Amino acid sequence: MRDVGNNIKITVNNLTVCYNDEGQEGAPVIIFIHGFPFNKSMWDKQIKVLKDNYRVIAYDVRGHGSSDVGTGIYSIELFVNDLINFMEALKIDKAILCGLSMGGYIALRAIENYPDHFDALILCDTNCIADTSEVKEKRMKTIENIKKDGVEAFAEDSLKNLFAPESFTSKEAEIASTREMIVNTSKKTLYKTLRAFYERKETCGSLPNIKVPVLIMVGNEDKITPPAAAQLMHEKIEDSMLCILEQAAHLSNMENPTEFNNQLEKFVSTVYYSG
Ligand code: MLT
């Protein structure tokens, strides 16, 4: 029997993973993967609109939200392993993957290594390039700063880059919930995940091999994974769709949920219900 609801726990890959699973049994499955250092709650507004027609699943990536931190070194490949084991445990043969930023890194590596597991991809505010040496240096500096100044200071600093300037007056609830997601992430997870990003290999070279429908979305004010990064992926993935969202920076699904959800609903309905 399938468990339906929120904050369900399951052990996969020697790890307790926490997830939400809503919508009809037998409906097409969409799996949402959050960014760093957030959790599955960042997808609440998407789940709300899609759950009537789809089975929608959002899980906390290892160390984030209410999933266990686990042991050993983090890598995007380990996160992919968790995802594949999670799908197997839930008996899901195929799904649409929707990932934002870190979630996109996981989705891109997952389709590269397990192309038969996915019907389509939605890549949000993400990129296929590896960290440049400048970004790598920043990752290590961030670890030092968290050790020195703490997670609250890290959260304040991050928020400035995550949201568009105008959102600080119009999206106070979203900013508060994002701050909470960041400060509730353990230091151990922050360090391990930043090191995983540092070591992350590019996925641009395998983009021409993607043969499923792909929607790429990005906030027009995203400074972390800017529209140029989305454009690059769009050029490399045949027949992909690119959508640049107004009034949004890096967390485009939270900053402009209306437009984000419109594009998302339109896209998934063409994947599963066209023809
Ligand atoms: C994210 O939102 O997942 C992060 O910005 C990813 C990154 O720092 O590369």
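Basis of the calculations
- Residues numbered from 1 in each chain as written.
- Predicted model: local features only at pLDDT ≥ 70, side-chain atom pairs only at ≥ 80, totals over all residues.
- Heavy atoms only, no water.
- Near = heavy atom within 4 Å.
- Polar contact = N/O pair within 3.5 Å; in protein donor to acceptor, adjacent residues only side chain to side chain.
- Areas by Shrake-Rupley, 256 points an atom, 1.4 Å probe, with all protein chains shown as cover.
- Nonpolar A, V, L, I, M, F, W, Y, C, P; charged D, E, K, R; others polar.
- Helix = DSSP H or I, 4+ residues; strand = E, 2+ residues; numbered from the N terminus.
- Buried < 20%, exposed > 50% of the residue type's maximum accessible area, 1.4 Å probe, protein only.
- Contact = heavy atoms within 4.5 Å.
- 1 Å grid on protein atoms, 1.4 Å probe; cavity = no way out; pocket = protein on both sides within 12 Å on 5 of 7 lines; lining within 4 Å.
- Points joined across faces, edges and corners; volume = space filled by probe spheres on them.
- Pairing = 2+ DSSP bridges.
- Axes fitted to C-alpha atoms, helices over the stretch in contact; angles between N-to-C directions.
- Disulfide = S-S within 2.5 Å.

A. Just the site of the ligand, in detail. With respect to spatial proximity, the complete set of residues near the ligand consists of Gly35, Phe36, Phe38, Ser101, Met102, Tyr105, Arg139, Phe197, Ile224 and His250. The separation between an oxygen atom of the ligand and a polar side-chain atom of Arg139 is 2.8 Å. For the ligand, whose unbound accessible area comes to 270 Å², protein coverage reaches 93%. Looking at the shell around the ligand, its residues break down into six nonpolar, three polar and one charged.

B. The arrangement of unusual backbone geometry in detail. For the peptide bond that leads from Phe36 to Pro37, omega is -5°, which places it in the cis range. Here Pro37 lies in the loop between β3 (29-33) and α1 (44-50). With a phi close to 50°, Ser101 is a non-glycine residue in the positive phi region. Locating Ser101 in the fold gives a position in the loop between β5 (95-100) and α3 (102-113). According to the relative accessible area criterion, Ser101 is buried, its value standing at 7%.

C. Highlighting the side chain of Ser67. Looking at the element boundaries, Ser67 is found in the loop between β4 (55-59) and α2 (76-89). Separated by 2.6 Å, the side chain of Ser67 and the backbone oxygen of Asp60 make a polar contact. In this structure Ser67 touches Thr16, Val17, Cys18, Asp60, Val61 and Arg62, once residues within four positions along its chain are discounted.

D. Region of the structure containing the layout of surface pockets. Considering only enclosed or pocket space, the largest pocket measures out at about 950 Å³ in volume. Along the walls of the largest pocket sit 38 residues, with Lys138, Arg139, Thr142, Asn161 and Ile224 positioned nearest its centre. It is helix α4 (residues 133-149) that contributes the most residues to the lining of the largest pocket, eight residues altogether. Looking at side-chain class alone, the lining of the largest pocket contains 20 nonpolar, 10 polar and eight charged residues. Along its surface, the second largest pocket is lined by 17 residues, and Arg2, Arg55, Ala89, Leu90 and Lys91 are the ones closest to its centre.

E. Broad picture of the side chain of Asp60. For Asp60, the position within the fold is in the loop between β4 and α2. Residue Asp60 is classed as buried on the basis of its relative accessible area of 1%. A polar contact is formed between the side chain of Asp60 and the backbone nitrogen of Lys40, at a distance of 2.9 Å. Among residues more than four places away in sequence, those in contact with Asp60 are Val17, Cys18, His34, Asn39, Lys40, Gly65, Ser66 and Ser67.

F. Quick peek at the sheet that holds β4. The eight strands are arranged β1-β2-β4-β3-β5-β6-β7-β8 in an open sheet whose pairing can be described as mixed. The sheet is open, and its two borders are formed by β1 (5-12) and β8 (241-245), each paired with just one other strand. Each strand axis lies, on average, 20° off the axis of its neighbour in the sheet, ignoring direction. In this sheet, β4 lies alongside strand β2 (residues 15-22) in antiparallel orientation, the contact comprising four bridges. Residue pairing for β4: Asn20 is matched across the bridge by Ala58. Across the sheet, α2 touches β1, β2, β3, β4, β5 and β6 (118-124), and the angle it forms with β1 is around 105°.

G. Seen up close, the state of the cysteines. According to the stated counting rule, one finds one disulfide in the structure shown. Between the sulfur of Cys128 and that of Cys204 lies a disulfide, 2.2 Å long from S to S. The sign of the S-S torsion, about 95°, decides the handedness of the disulfide formed by Cys128 and Cys204: right-handed. Placement of the pair is Cys128 in the loop between β6 and α4 and Cys204 in the loop between α8 (187-199) and β7 (214-219), with a sequence separation of 76 residues. Residue Cys204 is classed as buried on the basis of its relative accessible area of 9%. With no disulfide of its own, Cys18 lies closest to Cys98 among cysteine sulfurs, the gap being 19 Å. Cys124 carries a free sulfur, and the closest cysteine sulfur to it, the one in Cys98, is 3.9 Å from it.

H. Quick peek at the environment of Gly72. Locating Gly72 in the fold gives a position in the loop between β4 and α2. In this structure the C-alpha to C-alpha distance between Gly72 and Ser101, which are 29 residues apart in sequence, comes to 23 Å.

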